[in-house]
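Chain residues, written in single-letter form:
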Amino acid sequence: MVRDEDRTVITMSNDFQGDVKDFAMVIPVPTILEREQINVAQQSLIDHLDAYTAPRLVEYFDEDPCMVRRMLKMEMADSMIAPTAAMNEAQELGVTIEASYNVGEYDILILAAEQSDGLVQWLTDNGYQLPQGAQAVVGSYLKQGMKFFVAKVNIEQQQSLGYTSLRPLQVAFESPKFMLPIRLGTLNANGKQDLFVFALTRTGRVETSNYRTVRLPTDIDLPVFIKDRFNDFYKDMFHQQVEKHDGKAVFLEYAWDMAWCDPCAADPLSVAQLRDLGVYWVNSDQSLRSPAVDVFATRLHVRYDAETFPDDLKFIETGDRTNFQGRYVMRHPWGGSANCAAAEKYYSSVEKRQHENAARLIKLTGWDKATVESMMGASLSVPPSDEKWWRKLWRE
Amino acid sequence: MADPRHYQIGVLCLFVVFGRFWLGFDFSLSVAVAIICTALVTQQLLFGAQLKSALISSLSLVLLLRTDSILLAGLAAAIAIVSKRYLRMGKHHIFNPSAFALVVITFAFPGAWLAPGQWGPMGLSVLMLAGAGLLVVSRAQRVDVALAFFVTYALIVLGRGIWLGDPLAIAMHQLQNGALIVFAFFMITDPKTTAATPELRVLQGVAVALLAVIIQFGFYQHSAPLFSLVLLAPLFALPMFHKESTDEKNNLRSVSTDSVAVFGQRAGFLRVLRRQG
């Protein structure tokens, strides 16, 4: 989602599961869109943005306690994809087809209607299956002056273009409404669904104005075995956080100036990529590979259903340019041999920190204590201590 | 009678602490200190007294203003206090000082913003907030304007929801907003900017609610009540809204001259002693 004053470009990427010929998208839009306001983007853009803003696991290796040096490596993780779809149904009239376009592999209609029953009926008649309760929601949007953007896949076009997956659709419009309509999407979902909002703005971080935006816990030291289980860790931690806030908060996962990153989970997007996403203010004269200026990226993660998020998501752009990232740290203990007075102290500090990290992990994820301990056991690289308690008692 | 401002300061402090440590309000300690110190110093320089009033304005700013800049934080506090000194109609302020400062600073500088979502949907806690607010307001005798505003606003939001065919949950979500409650019970009730008689105050509350609804649903602007209050302030500062009825005058005098009355009694006591002597 790109937003600057009233100008908005939304790129919608969907993780639709199933046969693409059954796919359709019904989205309320604030204005009637002309052909030039609609585009199809490459999925790689969203994938790159996802990777760039993803929570990261940072790996450090302890130096030889008898020496000094450090090394750094990182890894990123997590899945993504924004839903917000609505399935279909229709008959009767009062429906105006404001426009009909073929864009890439999609057939697109812009619909306006006097009454929701007319529109719902028309959609049903035309083979769209709308979920139960859609009429009331459609009616509400129509009364608020919204139009409907309806897209389905043109299979022949898709085959001739040679794409197998659904590419993201883009729309550009001008409207004071800085929002995402999520209400239709809650009707046909199985339980809660996840939505990732990547906002690219000029001034600063984006947050919701009608829901609380909360920062995820970050900069946390974790046991080293988490390396192979980072996705599980992140999923479970997110789940715990959602529960902690009664399912009613939006989570900030990343907020950073697009010109750089530290540590980088993926390179910042190039000027060319940003322009493809709709960031119209980046200078096209500028070398397309150089870092962009005046672009601030925000990644929000929402897990929602109709009960916890009854109203659409409304956003504001703040003036906050403070950087934020989900960053989790593994510190590998020194694995070499160490025979000095400092080593003794070092190993006892390692043991202490490993237990603290385990406790932290249990608290954040709700994982079972015994399981964590058994996983810990495998990764404990501290020589077992057979030191007697009295040995330190009168030592100088 | 105890000074209602003590209650106000107490409740606002409670909100600041609750907001910062439970809800994670996004302000740094240095920003809070900058706001409070600037407000107190400016108040001392311009008025030489009434530090409690400056403290109330600055606590409202700490609750509602978001910025990373200490300079902007201080500037907002200064604007609030300066507006009391120079933007006035007779003895009344044209603008509620913190509302005015919030609107000016967020419009003029991208580095300052409002965070209406920070309270989250609050359910029961909203009612408690409202209860605490009500206590403060009734002590300050301006509960009429708060109720007029809140009832009008709530009826329109509920009515709009019914007209749209929306589930009640949406209207309730829109009403269960801490920012709205703080506005209704702490900002619009400022005795220096509310009209003189109960009838006029009800009119004022209704007018602010109507304009707020237009701004919110017609212009899609968040924090609409705040903008509505500031936009309508010059109108309600006109002398016609501040002609006090005789009853009201007496009532107000008895409140605002409490300390004088106490002093008077003491003086009387001294006189009695002297006469006896």
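The structure we're discussing is the one just above.
I will try to describe carefully the structure that is included in this document. As the structure is a prediction and not an experimental result, all values here were calculated from the model. Each chain has its residues counted from 1, running along the sequence as written. Numbering of ligands from 1 and lettering of chains from A proceed in the order in which they are written. The predicted origin of the model limits local features to residues at a pLDDT of at least 70 and limits the giving and counting of side-chain atom pairs to 80 or more, whereas totals for whole chains, interfaces and linings rest on all residues. The basis for every side-chain value is the complete set of non-hydrogen atoms in the structure, without hydrogens or water.

### Digging into helix H9 (residues 178-187) of chain B
Residues separated by three or four positions in an α-helix point in the same direction, a consequence of the helix having 3.6 residues per turn.
Residue and element names in this part refer to chain B.
So, step 1. Here the term buried applies to any residue with accessible area under 20% of the maximum for its type, exposed to any over 50%, and partly exposed to those in between, with areas from a 1.4 Å probe on protein chains only. Runs of H or I in DSSP of at least four residues are treated as helices and runs of E of at least two as strands, each being numbered from the N terminus. Along H9, 10 of the 10 residues are buried, which leaves the element largely enclosed by surrounding structure.
So, step 2. Here H9 has its buried residues at Gly178, Ala179, Leu180, Ile181, Val182, Phe183, Ala184, Phe185, Phe186 and Met187.
So, step 3. The opening residue of H9, the one whose side-chain oxygen lies 2.7 Å from the backbone nitrogen of Ala179, is Asn177. A 3.5 Å cut-off defines polar contacts: any pair of N or O atoms within that distance qualifies, except that in protein one atom must be a possible hydrogen donor and the other a possible acceptor, and neighbouring residues in sequence count only when both atoms are side-chain atoms.

### Concerning the pattern of salt bridges
So, step 1. Salt-bridge detection follows one rule: a side-chain nitrogen of Lys or Arg within 4 Å of a carboxyl oxygen of Asp or Glu. Within this structure, the stated rule accounts for 19 salt bridges over all chains.
So, step 2. The residue Lys369(A) makes a salt bridge to Glu373(A) at a minimum N-O spacing of 3.8 Å. Residue Lys369(A) and its partner Glu373(A) are both found in helix H9 (residues 369-379); the two are separated by 4 residues, about one turn of the helix.
So, step 3. Judged by its relative accessible area of 45%, Glu373(A) falls in the partly exposed class.
So, step 4. Beyond isolated ion pairs, a larger network of salt bridges with shared partners links Arg205(A), Glu207(A), Arg215(A), Asp320(A) and Asp26(B).

### With respect to the sheet that holds strand S13 (residues 206-208) of chain A
Picture the strands of a sheet paired through backbone hydrogen bonds; they go either parallel or antiparallel.
All names here are of chain A.
So, step 1. Pairs of strands are assigned from DSSP output, requiring at least two bridges between the strands. The 3 strands lie next to each other as S11-S18-S13, forming an open sheet whose pairing is antiparallel. On the outer flanks of this sheet lie strand S11 (179-180) and S13, each paired with one strand and no other.
So, step 2. Two strands pair when backbone bridges link them, and S13 and strand S18 (residues 313-317) are joined in this way by 3 bridges, in the antiparallel orientation. Its bridge partner being in S18, Thr208 is matched across the sheet by Phe315.

### Topic: the packing of aromatic side chains
So, step 1. Each Phe, Tyr or Trp ring (for Trp, its six-membered ring) is paired with any other whose centre lies within 6.5 Å, and the angle between the two planes then decides the class: stacked below 30 degrees, edge-to-face above 60, tilted in between. Under the criterion given, the structure shown has 21 aromatic pairs over all chains.
So, step 2. Consider the rings of Tyr280(A) and Trp281(A), whose centres lie 5.4 Å apart with planes at 90 degrees: the pair is edge-to-face.
So, step 3. A residue is classified by how much of its surface remains accessible, and Tyr280(A), at 32% relative accessible area, is partly exposed.
So, step 4. Overall, Trp281(A) belongs to the buried group, its relative accessible area being 13%.
So, step 5. Judged by centre distance (6.0 Å) and plane angle (25 degrees), the rings of Phe18(B) and Trp22(B) are stacked.
So, step 6. Judged by its relative accessible area of 62%, Trp22(B) is exposed.
So, step 7. Across from the ring centre of Phe21(B), 5.8 Å away, lies the NZ or CZ of Arg20(B), which sits over that ring.
So, step 8. When the NZ atom of lysine or the CZ atom of arginine is within 6 Å of a ring's centre and also within 35 degrees of its normal, the charge is said to sit over that ring. Here Arg85(B) stacks its cationic end above the ring of Tyr86(B), 5.6 Å away from the centre of that ring.

### Examining the side chain of Thr318(A)
So, step 1. Take Thr318(A): it is sitting in the loop between S18 and strand S19 (324-325).
So, step 2. Of the residues examined, Thr318(A) reaches a relative accessible area of 1% and is grouped as buried.
So, step 3. Only 3.1 Å separates the side chain of Thr318(A) from the backbone nitrogen of Asp320(A), close enough to count as a polar contact.
So, step 4. By definition in these notes, contact holds between two residues if any of their heavy atoms fall within 4.5 Å. When near neighbours in sequence (up to four residues on either side) are disregarded, Thr318(A) contacts Thr203(A), Gly204(A), Arg205(A), Glu207(A) and Trp113(B).

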